[in-house]
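Chains, contacts and geometry: an overview
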Amino acid sequence: LYLFGCSQYTAITQSPDKYSSLPKWYVNPNQNNLQSLYGVGEGFTLQEASKSALNNIASKLIVTISSDSSSLSEENKYSFNEQYQQRIKEKVNNITFSDYKISNSSNVNNKFYVEIAIDRYKFIKEQNTILDKYHKSMSNIYQSSKKQNILIQRNKLAEINNISKKAQIINQTLESLDSNQKYQINLSKYEFYENSYLKIMDKMEFLLDSDNSSVKNILFKALNKKNISVTRQISKNKNLIKINIRSKASYQNIYGSNIANLQIKIKLISSNNKIIASNIIEASGASVTNNKDALYAAIKNFEKKIDQEGVLSSIGINTILASKN
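So, here's what we can say about the structure. Bear in mind that the values here come from a model prediction, so they are computed numbers and not experimental data. (Residues numbered from 1 in each chain as written. Predicted model: local features only at pLDDT ≥ 70, side-chain atom pairs only at ≥ 80, totals over all residues. Heavy atoms only, no water.)

Considering the overall build of the protein
Helices and strands together make up the secondary structure of the protein, namely 11 helices and 8 strands. Burial analysis of the protein (325 residues in total) assigns 41% to the buried set. The long-range fraction of contacts in the protein, counting pairs at least 24 apart against all pairs at least 6 apart in sequence, stands at 64%. Element-wise, carbon and sulfur atoms account for 47% of the exposed surface of the protein, whose accessible area totals about 18900 Å². (Helix = DSSP H or I, 4+ residues; strand = E, 2+ residues; numbered from the N terminus. Buried < 20%, exposed > 50% of the residue type's maximum accessible area, 1.4 Å probe, protein only. Contact = heavy atoms within 4.5 Å. Areas by Shrake-Rupley, 256 points an atom, 1.4 Å probe, with all protein chains shown as cover.)

Next comes the structure, spelled out in structure tokens:
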């Protein structure tokens, strides 16, 4: 019941007397039909209650189309339900309503209760307009990625797939409301872009050239976690990217504590020896014993930064698109 945005109804059925003062249209809400979509909500202001009702509509649409919903009856662990609910909330945030009306409202015990109705035909038309914009944007980005170096292609395809995730939610929502076959056809587009991204990732190969073995090992492990190929020697692969890593450490002693400041310069060099991206990462560490332990702490902080920011951002890949456009 929570997944439909109607957790209050559980309480209603358990304590009917407590909720006897609530409007009937709230306790027994209207169901969606061929003309309208309905949602109910509550809040301390009319605006808050209206937002709750819109979320209620979106939640019902999302749960209707979610392939995960059938799993709930098989798995009732709290952690699973919490993750599932979070996925539902994330999808709900991607459904917008620009044209709706408050069909019923009431104020009970200083709390607003509203019912919102949305014209089904207008909603479908509006969402199709948004979907078409997403599709056009994905197509334009894909066309602009052609004949670019592999890293720019990778970034553009990653951008496309981020848009595709939003488009898929709308596409699935519309498919649940409209019998048009185009929504099934759209799935092949999303699959094509996803496969294109995976193919690009398979083609990419990196060579680590570093003057610091600890830093090199950290980046090697991080790239492997992303299933990115890392070679130990120069190959004939035209998509080979050399990661040039140079580090410099400086030391200070402040109030008896040894401070190590580590600066790591990273350059991405293409197979034809052109620098296509660069980044500088700084990390520091402290130790009361000696500089060696302080440097070790700085390297551990560098590893933490890689985990937090992501290895692709850290080595400069995610910034290539912006710098080239």
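Structural notes on the sheet that holds strand β8 (residues 275–287)
Here we have 5 strands laid out as an open sheet, ordered β5-β4-β6-β7-β8, and mixed in their pairing. Each of the sheet's edge strands pairs with one partner strand only, and the pair in question is β5 (229–231) and β8. Geometrically, the sheet is characterised by an average inter-axis angle of 25° between neighbouring strands, direction not taken into account. Examined bridge by bridge, strand β4 (residues 205–210) and strand β6 (residues 240–254) share 6 bridges and lie parallel to one another. When the bridges of β6 are listed, L208 appears paired with I243. The strands that helix α8 (residues 213–225) touches are β4, β5, β6 and β7 (257–269); relative to β4, the one it contacts most, it runs at about 165°. (Pairing = 2+ DSSP bridges. Axes fitted to C-alpha atoms, helices over the stretch in contact; angles between N-to-C directions.)

Some details on the sheet that holds strand β1 (residues 36–43)
With antiparallel pairing, 3 strands are arranged side by side in an open sheet as β1-β3-β2. Sheet topology places β1 and β2 (101–108) at the edges, where each strand pairs with a single neighbour. When the angles between neighbouring strand axes are averaged without regard to direction, this sheet yields 15°.

Some thoughts on the packing of helix α5 (residues 120–145) against helix α6 (residues 150–177)
In the contact formed by α5 and α6, the axes pass within 9 Å of each other and the chain directions differ by 160°. The orientation of α5 relative to α6 falls into the category roughly antiparallel. The element α5 and its partner α6 pack so that their crossing is left-handed. When grouped by side-chain class, the residues that make up the contact of α5 with α6 number 15 nonpolar, 11 polar and 4 charged. (Parallel < 35°, antiparallel > 145°, perpendicular 65-115°, else oblique. Left-handed = near helix turned anticlockwise from the far one by under 90°. Nonpolar A, V, L, I, M, F, W, Y, C, P; charged D, E, K, R; others polar.)

Focus: the packing of aromatic side chains
Inspection of the entire model under this criterion finds 6 aromatic pairs. Taken together, the aromatic side chains of W25, Y26 and Y113 make up a single cluster linked through ring pairs. The positively charged end of K111 is found above the aromatic ring belonging to F44, 5.2 Å away from the centroid. (Phe/Tyr/Trp six-rings, centres within 6.5 Å; stacked < 30°, edge-to-face > 60°. Lys NZ or Arg CZ within 6 Å of the ring centre and 35° of its normal.)

Remarks on α6
Across its 28 residues, α6 extends 40 Å between first and last C-alpha, which sits within 8% of the 40 Å expected from 1.5 Å per residue. Its side-chain oxygen 2.9 Å from the backbone nitrogen of L151, N149 forms the N-cap of α6. (Expected span 1.5 Å × (residues − 1). Polar contact = N/O pair within 3.5 Å; in protein donor to acceptor, adjacent residues only side chain to side chain.)

Here's the deal with unusual backbone geometry
One non-glycine residue, N227, lies in positive phi territory at about 60°. By the element assignment, N227 lies in the loop between α8 and β5. For N273, which is not glycine, the phi torsion reads 65° and is therefore positive. Tracing the chain through its elements places N273 in the loop between β7 and β8. For N273, a relative accessible area of 62% corresponds to the exposed category.

Quick word on the pattern of salt bridges
According to the stated counting rule, one finds 4 salt bridges in the structure shown. We note a salt bridge from K122 to D99, for which the minimum N-O separation is 3.8 Å. Taken together, the positions of K122 in helix α5 and D99 in the loop between α4 (78–92) and β2 put the pair 23 residues apart, joining distant regions of the chain. Judged by its relative accessible area of 49%, K122 is partly exposed. Among the residues examined, D99 registers a relative accessible area of 42% and is labelled partly exposed. Note that R246 and D209 form a salt bridge whose closest N and O atoms lie 3.3 Å from each other. Taken together, the positions of R246 in strand β6 and D209 in strand β4 put the pair 37 residues apart, joining distant regions of the chain. R246 gets classed as partly exposed once you look at its relative accessible area, which sits at 34%. (Salt bridge = Lys/Arg side-chain N within 4 Å of Asp/Glu carboxyl O.)

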